[in-house]
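Report on the structure
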Number of protein chains: 2
Amino acid sequence: MDFNLKESMDVLERTPRTLESLLDGLSEPWIRRTEGPKTFSAFDVVGHLIDGEETDWIPRARIILSRSPDPRFEPYDRFRHWTRNVDRSLPSLLSEFGKLRSANLALMDSWHLAEEQLELTGIHPTFGRVTLRELLAAWVVHDLGHIAQVARVMAKQYREAVGPWVPFMPVLTDHEVPRS
Amino acid sequence: MDFNLKESMDVLERTPRTLESLLDGLSEPWIRRTEGPKTFSAFDVVGHLIDGEETDWIPRARIILSRSPDPRFEPYDRFRHWTRNVDRSLPSLLSEFGKLRSANLALMDSWHLAEEQLELTGIHPTFGRVTLRELLAAWVVHDLGHIAQVARVMAKQYREAVGPWVPFMPVLTDHEVPRS
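I will try to describe carefully the structure that is included in this document. Bear in mind the structure is a predicted one, so any value in this text is a computation, not a measurement. In every chain, residue numbers begin from 1 and rise along the written sequence. Chains carry letters from A onward and ligands carry numbers from 1 onward, assigned in written order. In keeping with the predicted nature of the model, local features appear solely for residues at pLDDT of at least 70, side-chain atom pairs appear and are counted solely at 80 or more, and the whole-chain, interface and lining totals rest on all residues. Only hydrogens and water are set aside when side-chain values are computed; all heavy atoms of the structure are taken into account.

1. Remarks on the overall build of chain A
Numbering goes from the N terminus for both helices and strands, where a helix is a DSSP run of H or I of at least four residues and a strand is a run of E of at least two. Of the regular secondary structure elements, chain A holds eight helices and two strands. Taken from the N to the C terminus, the helices and strands of chain A come in the order α-α-α-α-α-α-α-β-β-α. Compactness check: chain A gives a C-alpha radius of gyration of 18 Å against a globular reference of 16 Å for 180 residues, within 12% of the reference. Taking the principal axes of its C-alpha atoms as reference, chain A extends roughly 55 × 35 × 30 Å. Burial classes: relative accessible area under 20% of the type maximum marks a residue as buried, over 50% as exposed, and values in between as partly exposed (1.4 Å probe, protein chains only). Buried residues in chain A amount to 58% of all 180 residues. Excluding contacts between residues fewer than 6 apart, the proportion of contacts in chain A whose partners are at least 24 apart in sequence is 71%. With an accessible surface of roughly 7700 Å², chain A has 51% of that area assigned to carbon and sulfur atoms. A radius of gyration in this sense is built from C-alpha atoms; the matching globule rule multiplies 2.2 Å by the number of residues raised to 0.38. It only takes one pair of heavy atoms within 4.5 Å for two residues to be counted as in contact. Accessible surface is estimated by sampling points in the Shrake-Rupley manner with a 1.4 Å probe; for residues, cover comes only from the protein chains shown.

2. Things to note about the packing of aromatic side chains
The aromatic pairing rule takes the rings of Phe, Tyr and Trp, using the six-membered ring of Trp, and pairs them if the centres are within 6.5 Å, calling planes under 30 degrees apart stacked, those over 60 edge-to-face and the rest tilted. Here the structure, examined in full by the defined rule, presents 18 aromatic pairs over all chains. Summarising the aromatic geometry, the rings of A:Phe127 and B:Trp165 are spaced 5.1 Å apart at their centres and angled 80° between planes, so their arrangement reads as edge-to-face. Here A:Phe127, found in the loop between β1 (121–124) and β2 (128–131), pairs with B:Trp165, found in the segment after α8 (132–156), and the two come from separate chains. Here A:Phe127 and B:Trp165 have matching classes, each one buried. Summarising the aromatic geometry, the rings of B:Phe79 and B:Trp82 are spaced 4.6 Å apart at their centres and angled 25° between planes, so their arrangement reads as stacked. According to the relative accessible area criterion, B:Trp82 is partly exposed, its value standing at 29%. Chaining the aromatic ring pairs together yields one cluster made of A:Trp57, A:Phe127, A:Trp139, B:Trp165 and B:Phe168.

3. Here we look at the packing of helix α3 (residues 42–55) of chain A against helix α6 (residues 90–110) of chain A
Between two packed helices, both the angle of their axes relative to each other and the distance between the axes serve to describe the pair. All names here are of chain A. For helices, the fitted line uses only the C-alpha atoms of the stretch in contact; every axis is such a line through C-alpha atoms, and the angle between N-to-C directions lies from 0 to 180 degrees. Put simply, α3 and α6 touch, their axes get as near as 9 Å, and they point 30° apart. By the angle between their axes, α3 is roughly parallel relative to α6. The interaxial crossing formed by α3 with α6 has left-handed handedness. Contacts between α3 and α6 involve Phe43, Val46, Gly47, Leu49, Ile50, Glu53 and Glu54 on the former and, on the latter, Leu90, Leu93, Leu94, Glu96, Phe97, Leu100, Arg101 and Asn104. Roughly parallel means an angle under 35 degrees; roughly antiparallel, over 145; roughly perpendicular, 65 to 115; everything else is oblique. The sense of a crossing depends on the near helix, which, turned anticlockwise from the far helix by less than a right angle, makes the crossing left-handed and, turned clockwise, makes it right-handed.

4. Thoughts on the relation of the copies chain A and chain B
Least squares is the method for superposing the copies, and the C-alpha atoms it fits come from residues with pLDDT of at least 70 in both. You can overlay chain A on chain B at an RMSD of 0.0 Å; the transform is a turn of 180° with a shift of 0.0 Å along its axis. On this basis, the relationship between the two copies can be described by a two-fold rotation axis. Using C-alpha coordinates, one finds that chain A approaches the rotation axis most closely at A:Ala148, a distance of 2.0 Å. A symmetric contact is evident, with 100% of the interface residues of chain A recurring at the interface of chain B.

5. Some details on helix α3 (residues 42–55) of chain B
Residues and elements named next belong to chain B. By this rule, a helix spans an expected 1.5 Å times one less than how many residues it contains. The end-to-end C-alpha separation of α3 is 20 Å, in line with the 20 Å expected for 14 residues at 1.5 Å each. Among the 14 residues of α3, twelve are classified as buried, and the element is accordingly described as predominantly covered. On its buried face, α3 sits against α1 (5–23), α2 (28–32), α4 (57–65), α5 (80–84), α6 (90–110) and α8.

6. A few points about the pattern of salt bridges
Salt bridges are defined by distance alone: a side-chain nitrogen of Lys or Arg within 4 Å of a carboxyl oxygen of Asp or Glu. Counted according to the given criterion, the structure contains 34 salt bridges over all chains. When the shortest N-O distance is used, the salt bridge between A:Arg88 and A:Glu96 registers 2.9 Å. Owing to a relative accessible area of 19%, A:Glu96 belongs among the buried residues under this scheme. For B:Arg72, the salt bridge goes to B:Asp70, with nearest N and O atoms at 3.1 Å. A relative accessible area of 45% places B:Asp70 in the partly exposed class.

7. Some details on the pairing of strand β1 (residues 121–124) of chain B
Residues and elements named next belong to chain B. Summarising the sheet, β1 and strand β2 (residues 128–131) pair through four bridges and their orientation is antiparallel. Residue pairing for β2: Ile123 is matched across the bridge by Arg129. From the end of β1 to the start of β2, which pair antiparallel, there are three residues. Paired strands are those between which DSSP finds at least two bridges.

8. Concerning the environment of A:Trp82
Residues and elements named next belong to chain A. Relative to the elements of secondary structure, Trp82 occurs in helix α5 (residues 80–84). When the C-alpha atoms of Trp82 and Gly47 are compared, they prove to be 7.8 Å apart, with 35 residues separating the residues in sequence. Leave out the neighbours within four places in its chain, and Trp82 touches Lys38, Thr39, Phe40 and Asp44.

9. Quick notes on the packing of helix α8 (residues 132–156) of chain A against α8(B)
Two elements in contact, α8(A) and α8(B), have axes whose closest approach is 8 Å; the angle formed by their N-to-C orientations is 165°. One finds that α8(A) runs roughly antiparallel with respect to α8(B). Considering only the axes of α8(A) and α8(B), their crossing is left-handed. Contacts between α8(A) and α8(B) pair A:Val141, A:Leu144, A:Ile147, A:Ala148, A:Ala151, A:Arg152, A:Met154 and A:Ala155 from the former with B:Val141, B:Leu144, B:Ile147, B:Ala148, B:Ala151, B:Met154 and B:Ala155 from the latter. All residues other than Ala, Val, Leu, Ile, Met, Phe, Trp, Tyr, Cys, Pro, Asp, Glu, Lys and Arg, Gly among them, are scored as polar; the first ten of these are nonpolar and the last four charged. Here the residues of the contact of α8(A) with α8(B) are counted per class, giving 14 nonpolar, no polar and one charged.

Quick look at the structure:
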């Protein structure tokens, strides 16, 4: 698919409700377990998505749109949420994520981005020049990747419980070595 | 996690709403595209989950609970939905899946399954003896695997659009060779 702003926002606006539908009200093991050391639980993923709203996607879009001579992005801290959310509950994080996402999409909508603005660039700390279009596409893929991750991490909690079904359920053996 | 019937049903009951939150109202490309020949689109996954409600999980649980001398499962047709749902819309499939799932969970709840019933066995056409506990755990993992698949298949539609982000978004390169 070619990037399309409206179709991208359609996905972005669905993510908070999707995670709430999947997670809200589940017992602690479903929410808190991971797929290995230094990997994210479902709770961690929601915290990480909040960090993205506050420090990644929209701040980087602003840098690009500022047309500054040095449109360099701040490096992104993938583990900010581990200290930030120590005392938080999942429902409060889900609610916060929903509010931040709505506000960010309303802001982006208010920019009335034109095609030529999507071609403007910023400088990523690792891989250099990227367009606003690529940044916004990455935001969508980032959401979807983390929804997939939450479902996978939950599935793996029943890896032993399914007995002989393991080879027929590829989600149980995806990312045996963490890939992100 | 050890298998727990209540915690399993908590996940099973959330799947229809999760898929509706993720998919309802999206444009056709998000819903209809796949990650390669003979693989499932989001639309196909919902059809496949309906097939599971009608022909797989509960029918197999009934076979186990019947304590027949030959508790052999019918082979499961993974592609029944391809002909069944040719003229259907995604909203109608989502609605049908929600109703079937609710009815199946209500039925299972009415069985008041005891621990010793979870130890009863049936015969899987491929891998032989399995317990009811393993079957029900597999039902949960099957749901979660397909939620992960839907998110992954959607993400891959933007593989080109993200430009240099590909190596940082593992969901884009998961299952390059279809695994199920």
